[in-house]
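Close look at the chain arrangement
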Amino acid sequence: MATKPGLLTDWPWKPLGSFKYIVLAPWVMHSLYYVATKGKNELDYTYLLILPFLLSRALHNQIWISISRHRNAKGSNKIVDRAIEFEQVDRESNWDDQILLNGLIFYIFSSFLPIASSLPAWRTDGVVITALLHAGPVEYLYYWLHRALHHHYLYSRYHSHHHSSMVTEPITSVIHPFAEHIAYFLLFAIPLLGTVITGTASLSSQFGYITYIDFMNNMGHCNFEFIPKWLFSIFPPLKYFMYTPSIPVRYHSLHHTQFRTNYSLFMPLYDCIHGTTDRSSDGLHASTLERRRPESPDVVHLTHLTTPESIFHLRVGFASFASRPHDSRWSTWLMWPVSSLGFFIYGSSTFLAETNLLVKRKLQTWTVPRYSVQYGLKWQTQAINSLIEEAILEADVRGCKVVTLGLLNQSEELNKSGQLFIERHPKLKTKVVDGSSLAVAIVLNNIPKGTTQVLFRGALSKLAYAIVSALSHRGILVATLYETEKLKLSSTTEAKVVISKSYTQKVWIVGDGLSKDEQLKAPKGTLFIPFSHFPPKKARGDAFYCHTPSMIAPPSLHNLHSCENWLPRRVMSAARVAGILHAVEGWGVHECGDSIFDVGKIWEAAIKHGFRSTTISK
């Protein structure tokens, strides 16, 4: 939002929220009716192609978003090395509003302006006129409009909203108030209406011009440089007719310090003519291209996909989805063809999903391209372990201090909680951590003070045994529902475990496999504390549920603008936090297999470095 929002700041359909797309419904329905009632020779393909064109624009933008986020996570050729936070993601979540506006205007003109309908596929004279009108009137008028928008009156009411994003992403290019977009569309309408009025318009000139604007906007705000220097060496005048990402991105980074530079749209020519070129742009372009090596992380958190739609919740997926906790929705299930395509793209090796910063330490999340269901298939075991092993060895080569195994990557049945890799590579410098000690500490600290008895229910594992043992040292009686659980827990730990003859316990320690029927037997106000990788499905409205073992990240942890699976914003899983603590404290030990780190020591370290307990929800 601008510092002093002016008239027509908000988009007209803002009150509709996610239902804003309904504004196109009458036109889409009319298109379908039109196809059904008209003969083949009577169809106006200009009108019919509007919706596919709008969808192609959305896809075009999304491709740029994914590529940009992946490249910026790697760190190579990055222009501005600053963090993006949730506030920016929320502010830029309406990037598709300008596509809706474009669609409405196209439908209206095609319906009520006869000369704008039934356009041919190609006309060379129209394409040439479009290019000339853009290079002349559009670029020149935009230059002066942009200068006007930087006057303190208009800047505070409109343009400051765009410049609130200090680190740009491709979609930052279209984040403006509604009134500002109207002004831009009037400019871009000059070539569109010019060719229509002169009778030289075609589908190629109309749709191609908008696609060109999208491409240049996205490229100019992607925050990584990829335009080679030799291109300008071969044809030096090109630098006056085409900008590179360094110019607009650099401009955003300067923001207030060098306020009166780089006003041009896509052609720096007019900045050169009026003496408003930022002289450091050429040097920045060259120095950015020299940064080719990916950044070496201090900590790598190795996670995996959970469900087919979870790929959309990755940072490189849909930004607005990734900024919210993962929940299965029917709308994301409809996009399974896209999720399948993403699986095939990344299916051969782990891929970088996110990079975070804690003081001077770089923390990366690498994703194993396998779904949770595949971890339960024995014929997939070798392939999954190979992916994990390759990732650990790559991290070791890059000088990474700690690799944490998240979710099912630390499964005892899969790889003995990571011990398999230590046995295969005894000289491994990178330490492998599963975070069990911190998970135990989090569960213990979620138990209310004064609790004397808890009910234990869930799959038995290294973590389960450690929790029960820790509870016994605190003098808390552990009750269980089943004889088999009692026998295994009692024989493996020194804890006193009893069979529960009732369901009166108000604190339940639960793992995977907790059923709805079991939850319904708990008394009102029961506190469910999961130690499982995946959260239990909530079946009670009168009970309280903790998150799976996790902690709230400190303010000093930056570039955290996506949610980790189902966890809330700025909440990190125990394994992820444990890896950070092992690296920061320099403990230099493995925590995998049967070994568990000092529970008290790792909890004290977490608190010391600003991590906090999560809240309890109903």
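Residues numbered from 1 in each chain as written. Predicted model: local features only at pLDDT ≥ 70, side-chain atom pairs only at ≥ 80, totals over all residues. Heavy atoms only, no water.

Section: the overall build of the protein
When you go through the protein residue by residue, the secondary structure sums to 26 helices and 15 strands. For the protein, with 618 residues in total, the buried portion stands at 55%. Put simply, the protein shows about 27700 Å² of open surface, and 63% of that area lies on carbon and sulfur atoms. (Helix = DSSP H or I, 4+ residues; strand = E, 2+ residues; numbered from the N terminus. Buried < 20%, exposed > 50% of the residue type's maximum accessible area, 1.4 Å probe, protein only. Areas by Shrake-Rupley, 256 points an atom, 1.4 Å probe, with all protein chains shown as cover.)

Side note on the packing of helix 25 (residues 574-585) against helix 26 (residues 599-608)
Two packed helices can be described by the angle between their axes and the distance between those axes. With their axes 10 Å apart at the nearest point, helix 25 and helix 26 run at an angle of 85° to one another. As the angle between them shows, helix 25 and helix 26 are arranged roughly perpendicular. Of the residues in helix 26, those touching helix 25 at Ala578, Leu581, His582 and Glu585 are Ile602, Ala605, Ala606 and Lys608. When its residues are assigned to classes, the contact of helix 25 with helix 26 shows five nonpolar, one polar and two charged. (Axes fitted to C-alpha atoms, helices over the stretch in contact; angles between N-to-C directions. Parallel < 35°, antiparallel > 145°, perpendicular 65-115°, else oblique. Contact = heavy atoms within 4.5 Å. Nonpolar A, V, L, I, M, F, W, Y, C, P; charged D, E, K, R; others polar.)

Structural notes on the sheet that holds strand 4 (residues 402-405)
Paired through backbone hydrogen bonds, the strands of a sheet run either parallel or antiparallel to each other. The strand order 5-4-1-3-2-13 describes an open sheet built from six strands, whose pairing is mixed. Taken across any chain shown, the strands that pair with only one partner, and hence form the sheet edges, are strand 5 (431-433) and strand 13 (557-558). Across two bridges, strand 2 (residues 351-358) lies against strand 13 in antiparallel orientation. Residue pairing for strand 13: Leu357 is matched across the bridge by His558. Across the face of the sheet, helix 25 comes into contact with strand 1 (299-304), strand 2, strand 3 (361-368), strand 4, strand 5 and strand 13 while running at roughly 165° to strand 4. (Pairing = 2+ DSSP bridges.)

Regarding a nonpolar patch on the surface
Together, Ile108, Phe109, Phe112, Leu193 and Ile197 make up an exposed nonpolar region whose accessible area comes to about 500 Å². Put simply, the parts of the chain that give the nonpolar patch at least two residues each are helix 5 (97-112) and helix 8 (178-197). In terms of residue count, the dominant contributor to the nonpolar patch is helix 5 (three residues). Assignment of secondary structure puts Leu193 in helix 8. (Patch = residues over 30% accessible without salt bridge, like charges linked within 9 Å, V, L, I, M, F, W, Y side chains within 5 Å. Salt bridge = Lys/Arg side-chain N within 4 Å of Asp/Glu carboxyl O.)

Things to note about helix 5
When the terminal C-alpha atoms of helix 5 are compared, their 23 Å separation across 16 residues agrees well with the 22 Å that a helix rising 1.5 Å per residue should span. Extensive coverage of helix 5 is indicated by the burial of twelve of its 16 residues. Every buried residue belonging to helix 5 is among Asp97, Gln98, Ile99, Leu100, Leu101, Asn102, Gly103, Leu104, Ile105, Phe106, Tyr107 and Ser110, and all of these are buried. (Expected span 1.5 Å × (residues − 1).)

Details of the nonpolar core
Among the nonpolar cores identified, the biggest contains 55 residues, and Trp95 and Phe188 are the most heavily contacted of them. Looking at this core, the elements with two or more residues in it are helix 1 (25-37), helix 2 (45-48), helix 3 (50-74), helix 5, helix 6 (124-149), helix 8 and helix 9 (203-220). Of all the elements, helix 8 adds the most residues to this core, at eight residues. In this view, Trp95 contacts Ala58, Asn61, Gln62, Ile65, Ile171, Val174 and Ile175; residues no more than four positions away in its chain are not counted. In this structure, Leu358, Ala441, Ala553 and Ala605 belong to the second largest nonpolar core, which totals 51 residues. (Core = buried A, V, L, I, M, F, W, Y, C linked by side-chain atoms within 4.5 Å.)

Let's talk about the side chain of Glu180
With respect to the element layout, Glu180 can be found in helix 8. Those residues within four positions of Glu180 in sequence are excluded, and the remaining contacts are Leu149, Tyr158 and His159.

A word on unusual backbone geometry
Most peptide bonds take the trans configuration, and most residues that are not glycine carry a negative phi. The backbone of Leu8 shows a phi angle near 60°, a positive value even though the residue is not glycine. Locating Leu8 in the fold gives a position in the segment before helix 1. Non-glycine residue Ser118 carries a positive phi angle of around 50°.

Considering the environment of Arg398
Checked against the element boundaries, Arg398 lands in the loop between helix 18 (381-397) and strand 4. Sequence spacing of Arg398 and Met219 is 179 residues, and the spatial spacing of their C-alpha atoms is 30 Å. Apart from the residues lying within four places of it in its own chain, the contact partners of Arg398 are Pro294, Glu295, Ser296, Pro297, Gln364 and Trp366.

Focus on the environment of Arg57
Note that Arg57 resides in helix 3. Once you skip the residues sitting within four places of it in the chain, Arg57 turns out to touch Gln98, Ile99, Asn102, Ile210 and Asp214. Separated by 2.9 Å, the side chains of Arg57 and Asn102 make a polar contact. (Polar contact = N/O pair within 3.5 Å; in protein donor to acceptor, adjacent residues only side chain to side chain.)

Quick look at the pairing of strand 1
Taken across its six residues, strand 1 has six buried, putting it largely inside the fold. Of the two faces of strand 1, both are covered, the one formed by Val299, His301 and Thr303 as well as the one formed by Val300, Leu302 and His304. As paired elements, strand 1 and strand 3 share six bridges and run parallel to each other. The residue bridging Leu302 from the neighbouring strand is Trp366, located in strand 3. Relative to strand 4, strand 1 is paired through four bridges, and the arrangement is parallel. Across the sheet, the residue bridging to Leu302 is Leu405, located in strand 4.

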